[in-house]
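Descriptive structure summary
Okay, here's what each chain looks like letter by letter:
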Amino acid sequence: MKSVFITEYGGPEVVQFSSSSTIPKITPEKILVKVFAAGINFMDIHTRQGKYVNSRTYDVELPCTLGMEGAGEVVEVGKGVSQVKPGDRVAWCIAWGSYAEYATVPASQVVKIPDTISYEQAAASLFQGCTAHYLVNDVSNLTPGSSCLIHAGSGNIGRLLIQLAKTRGARVLATASTQEKIAVAKRYGADDAFLYQHGNFHQEVLAATEGLGVDTVFDSLGLQTLRSSFLSTRKKGLIINYGNVSGSVKNLDPLELGEHGSLFLTRPRLADYMDSQKTIQRRADDIFNLLADNKLKIEIVAKYRLENVVKAHELIENRTLIGKAVVAI
Ligand SMILES: NC(=O)c1ccc[n+]([C@@H]2O[C@H](COP(=O)([O-])OP(=O)(O)OC[C@H]3O[C@@H](n4cnc5c(N)ncnc54)[C@H](OP(=O)(O)O)[C@@H]3O)[C@@H](O)[C@H]2O)c1
């Protein structure tokens, strides 16, 4: 069985590839899946770097087969599993081990894939789709006439957030690091978009909102933008800091939220919004239906073989991959 794994944390050099005849064994609550496609995500890089070493939410152990999003056909089910059977088409996320020909997945984390969705589409949409889904539908309260700011609007979750926020009737402002990425954010529906790296984007946001600021900010960057996000938010507005790709703000005093206008700040995690099989299937069905109806667009821009997956990670880390990459197995 081919697989991509790490035995220590570090840079791209710690990623190993192996080919053996051993197929993983299931336990009573798990299923064995022949993997046809795996999603490539920033979270794979965070995993490789060891960012979850002390995480209670994401309990990653070494050695770890990378890849936490995948799709394939059920081969075998554990004794305690009744919701799926061999032959079913399934997808999953936040269960590690997808960068492999076979994966064992907790049955409670798999969803069934409708016939309208290919394995590659499922593997490209579940993790980031469910993330954008809970952020828009369960964390924020976007209504027609409300406004939001979406950082890294050309990123995978950024593009999904833009599209879902527009379906709720919100006015969407976005940020990106280059003019090319600003054009991408606008192509996906952003009403306006600004460069953020100079740190003054809040002035453009205020100018675009009659000096009030937006109702909600979706901030995946963290250190580089969070304090300017405070300046971009209206009084009693909401800042959703769902990622820290530029680093984590470690010295935040709650008083700052008061000083910027009684703001609400949350740091949510997908795992807490995927806490039952029913919820996971509901979110997945919404995303799959939107995709099938062409109301949501996810562009797969690159496909990799298992032995080359680290090349995709390098492109993500140097910010040159615009669109979704998958492993075709
Ligand atoms: N909280 C949750 O529930 C949850 C769930 C899933 C993912 N996440 C997190 O959300 C974040 C975004 O995920 P994604 O899948 O949208 O990632 P992505 O598609 O790779 O997009 C990330 C964007 O971040 C920007 N960026 C800024 N600084 C960067 C840096 N140093 N390195 C790389 N990119 C940088 C880039 O846009 P610009 O060049 O325009 O800045 C890039 O487009 C990640 O941190 C991920 O772990 C959180």
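Our subject is the structure that appears above.
This report concerns the structure included in the present document.

Definitions and limits used
Residues numbered from 1 in each chain as written. Predicted model: local features only at pLDDT ≥ 70, side-chain atom pairs only at ≥ 80, totals over all residues. Heavy atoms only, no water. Pairing = 2+ DSSP bridges. Helix = DSSP H or I, 4+ residues; strand = E, 2+ residues; numbered from the N terminus. Near = heavy atom within 4 Å. Polar contact = N/O pair within 3.5 Å; in protein donor to acceptor, adjacent residues only side chain to side chain. Areas by Shrake-Rupley, 256 points an atom, 1.4 Å probe, with all protein chains shown as cover. Nonpolar A, V, L, I, M, F, W, Y, C, P; charged D, E, K, R; others polar. 1 Å grid on protein atoms, 1.4 Å probe; cavity = no way out; pocket = protein on both sides within 12 Å on 5 of 7 lines; lining within 4 Å. Points joined across faces, edges and corners; volume = space filled by probe spheres on them. Core = buried A, V, L, I, M, F, W, Y, C linked by side-chain atoms within 4.5 Å. Buried < 20%, exposed > 50% of the residue type's maximum accessible area, 1.4 Å probe, protein only. Domains from an automatic or database assignment. Contact = heavy atoms within 4.5 Å.

Strand pairing in a sheet is mediated by backbone hydrogen bonds. Such pairs are either parallel or antiparallel. Overall, antiparallel pairing links the three strands, which are arranged β2-β1-β4 in an open sheet. Each having just a single partner strand, β2 (16-19) and β4 (64-65) make up the two edges of the open sheet.

We now examine the site of the ligand. Taken together, 24 residues lie near the ligand, and Gln128, Tyr134, Ser177, Lys181 and Tyr196 sit nearest. In the environment of the ligand, an oxygen atom lies 2.7 Å from a nitrogen or oxygen atom belonging to the side chain of Gln128. The side chain of Arg267 places a nitrogen or oxygen atom 3.3 Å from a nitrogen atom of the ligand. Considering the ligand on its own, with 910 Å² of exposed area, one finds that the protein chains cover 91% of that surface. Secondary-structure elements contributing two or more residues to the shell around the ligand are α1 (42-49), α2 (119-139), α3 (156-167) and α9 (309-317). For the shell around the ligand, the per-class residue count stands at 13 nonpolar, six polar and five charged.

Each pocket or cavity is described by its volume, and for the second largest pocket that value is around 520 Å³. Along its surface, the second largest pocket is lined by 25 residues, and Cys64, Thr65, Ala95, Trp96 and Gly97 are the ones closest to its centre. Mapped onto the lining of the second largest pocket, the elements with two or more residues apiece are β1 (2-6), β4 and β7 (102-106). Of the residues forming the lining of the second largest pocket, the biggest block, three residues, is contributed by β7. Of the residues that constitute the lining of the second largest pocket, the class distribution is 14 nonpolar, nine polar and two charged.

Core analysis: the largest hydrophobic core is formed by 71 residues, its most contacted members being Ile40, Tyr99, Leu161, Phe218 and Leu270. Top element by residues in this core is α2. It accounts for eleven residues. Counting contributing residues, this core receives three or more from each of domain 1 (3-128 + 271-328) and domain 2 (143-267). Sequence-distant contacts of Phe218, defined by excluding residues within four places in its chain, comprise Leu135, Val136, Ser140, Leu142, Cys148, Leu149, Ile150, His151, Leu161, Ile240 and Tyr242. Counting residues in each nonpolar core, the second largest holds 15 residues, with Phe194, Phe201, Phe230 and Leu263 among its members.

Let us now look at the environment of Phe201. Note on placement: Phe201 falls in helix α5 (residues 201-208). Considered as a pair, Phe201 and Ser232 are 31 residues apart in the sequence and their alpha carbons are 8.0 Å apart. Dropping the residues within four chain positions of it, Phe201 is found in contact with Leu149, His151, Thr175, Leu195, Tyr196, Thr225, Ser228, Ser229 and Ser232.

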